[in-house]
Structure formats: structure tokens, C-alpha cells
Amino acid sequence: MMPPCCTICRASSTDHDYESFTLVYFRPIAPPLEHEGHPENALWFCKDHVRYTVGKTDMSAILAMVHIRAAIRRHTQSVWPLTSIP
């Protein structure tokens, strides 16, 4: 599993304590592979950005990120293009 690093702001466990992060699981787009590692449908979010994931876990991670970034843009001055994918 990858160590915590916010998908939005790139805050990591070196910047904050481990409890400041939440691993959010989105709808898988492929059957799970039988190997160890980070799940393709799981993304880390810091405590400031995890609220944007509410109601989006039924989407794929890619589609959810488009919606999450759009929501963040509506609330803040964003520097990310809406079409960029993490």
C-alpha cells in the first residue's frame, strides 16, 4: 500500500501525522488483481479535502476526481486544470 499522500494537495505523512489522512475507496473499474499493493480504486485524502469525496464513492476514481476538482474550483481559486488526472 502506498503511504499517505493527499491526491489533491500532495500533503504527505512527512508533513502531517498518519491520522490526518483517509483512504477512500471508489468504484473499481476492473476486477481486483490477486497481488499485493495499492488498490487501483483507492486514493488518499487529507483532512481538508476528504469532505469533497462524500457522495462520490459510487463513481470510478477518475470520474470522482473530475467532480472533486470541480467542487474545489467552485470554492477556491484553483491552479489545476479540470481535465488533469492525478
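Computed from a predicted model, the values in this text were never measured in an experiment.

**Student:** Pulling in residues and values, what's your account of helix H1 (residues 61-75)?
**Tutor:** For H1, with 15 residues, the first-to-last C-alpha span of 21 Å sits near the 21 Å given by 1.5 Å per residue. When H1 is considered as a whole, its buried residues turn out to be Ala 61, Ala 64, Met 65, Ile 68, Arg 69, Ala 70, Ala 71 and Ile 72. Looking at the buried side of H1, the elements it contacts are strand E2 (42-46).

**Student:** Got a sec to walk through the packing of aromatic side chains? Specific residues and values, please.
**Tutor:** For the coordinates displayed, the defined rule picks out two aromatic pairs. With a centroid separation of 5.9 Å and 70 degrees between ring planes, the pair formed by Tyr 18 and Trp 44 is classed as edge-to-face. Within this pair, whereas Tyr 18 is found in the segment before strand E1 (21-25), its partner Trp 44 is found in strand E2, the two being separated by 26 residues in sequence. Given a relative accessible area of 48%, Tyr 18 falls into the partly exposed group.

Conventions and cut-offs
- Residues numbered from 1 in each chain as written.
- Predicted model: local features only at pLDDT ≥ 70, side-chain atom pairs only at ≥ 80, totals over all residues.
- Heavy atoms only, no water.
- Helix = DSSP H or I, 4+ residues; strand = E, 2+ residues; numbered from the N terminus.
- Expected span 1.5 Å × (residues − 1).
- Buried < 20%, exposed > 50% of the residue type's maximum accessible area, 1.4 Å probe, protein only.
- Contact = heavy atoms within 4.5 Å.
- Phe/Tyr/Trp six-rings, centres within 6.5 Å; stacked < 30°, edge-to-face > 60°.

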